[in-house]
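Chains, contacts and geometry: an overview
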Amino acid sequence: MGTQADRQIPVHTRPEGVTDDEVKAAGVLSNALETVERARGALYDFHQLIGHADLMLDEVVELLRSSGNDELADQIEGELMGRNVVEGRWTFQLVEEFDENYWSFFRECEQVVRDKLAGGVPHLFEAEMKERRRTHGLRHHEARP
């Protein structure tokens, strides 16, 4: 098994000729992608929460029927259970469309910009910020592991 030093850790060095604005543009786009990743997580949370709530309706219908409220049970079972959350779609379809039409394209764009402006190196903007802010020679302020 290799040591930590054997792992491939990117060297966060600015490619020759890359401007400050280009590094910043790649950094801001990377940050935007991180925000989209968080939104995607919230969308998956929404998907799972709605699915859980829909499954809970089984118990609601059972309790309504056992208490003699068949009309209410019929309404919940017939009109609410399995209902689309938006026209023609359940949440899994929202997730799929988001992933296919937005998230995957956003990731591709970020990769293209990073490849063109930063030689493919991730987090170059942050690496340069770290270098400016760290105290050289002080423990826990090392440039790399």
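Attention in this report is confined to the structure presented alongside it. The structure presented is a predicted model; accordingly, all values stated were derived computationally and were not measured.

What counts and what doesn't
- Residues numbered from 1 in each chain as written.
- Predicted model: local features only at pLDDT ≥ 70, side-chain atom pairs only at ≥ 80, totals over all residues.
- Heavy atoms only, no water.
- Core = buried A, V, L, I, M, F, W, Y, C linked by side-chain atoms within 4.5 Å.
- Buried < 20%, exposed > 50% of the residue type's maximum accessible area, 1.4 Å probe, protein only.
- Helix = DSSP H or I, 4+ residues; strand = E, 2+ residues; numbered from the N terminus.
- Axes fitted to C-alpha atoms, helices over the stretch in contact; angles between N-to-C directions.
- Parallel < 35°, antiparallel > 145°, perpendicular 65-115°, else oblique.
- Contact = heavy atoms within 4.5 Å.
- Nonpolar A, V, L, I, M, F, W, Y, C, P; charged D, E, K, R; others polar.
- Phe/Tyr/Trp six-rings, centres within 6.5 Å; stacked < 30°, edge-to-face > 60°.
- Lys NZ or Arg CZ within 6 Å of the ring centre and 35° of its normal.
- Salt bridge = Lys/Arg side-chain N within 4 Å of Asp/Glu carboxyl O.

Looking at the nonpolar core
If you look at the biggest cluster of nonpolar residues, it comprises seven residues: Leu33, Val36, Leu43, Val95, Phe98, Trp103 and Phe106. For this core, the secondary structure elements donating two or more residues are α1 (20–66) and α3 (91–118). It is α3 that provides the largest number of residues to this core, a total of four residues.

Focus on the packing of α1 against helix α4 (residues 124–133)
The N-to-C vectors of α1 and α4 enclose an angle of 110°; their axes lie 7 Å apart at closest approach. Relative to α4, the element α1 is oriented roughly perpendicular. Contacts from Val23, Lys24, Gly27 and Glu34 in α1 reach Leu124, Phe125, Glu126 and Glu128 in α4. Here the contact of α1 with α4 is built from residues that sort into three nonpolar, one polar and four charged.

Details of unusual backbone geometry
Despite not being glycine, His123 shows a phi value in the positive range, around 60°. For His123, the location among the structural elements is in the loop between α3 and α4. The class for His123 is partly exposed, based on a relative accessible area of 39%. Located in the positive-phi region is His140, a residue other than glycine, with phi close to 70°. You can see His140 is positioned in the segment after α4. Judged by its relative accessible area of 63%, His140 falls in the exposed class.

With respect to the packing of aromatic side chains
Per the counting criterion, the structure on display carries three aromatic pairs. Where Trp90 meets Phe92, the ring centres are 6.4 Å apart and the plane angle is 80°; that geometry is what we call edge-to-face. Look at Phe92 and you get partly exposed, because its relative accessible area is 37%. Here a set of aromatic residues connected by ring pairs shows up, and it is made of Phe98, Tyr102 and Phe106. Note that Arg40 overlies the ring of Trp103, its terminal NZ or CZ placed 3.7 Å from the centroid.

Looking at the pattern of salt bridges
Throughout the structure, instances matching the rule amount to 10 salt bridges. Between Arg65 and Glu77 there is a salt bridge; the shortest N-O distance is 2.6 Å. With Arg65 in helix α1 and Glu77 in helix α2 (residues 70–80), this residue pair connects regions lying 12 residues apart in the sequence. Among the residues examined, Arg65 registers a relative accessible area of 31% and is labelled partly exposed. What you see here is one network of salt bridges that share partners, running through Arg65, Asp70, Asp74 and Glu77.

Some remarks on the side chain of Arg114
Relative to the helices and strands, Arg114 is located in helix α3. The exposure class assigned to Arg114 is buried, which follows from its relative accessible area of 15%. Beyond its immediate chain neighbours, meaning those up to four positions away, Arg114 contacts Gly119, Gly120, Val121 and Pro122.

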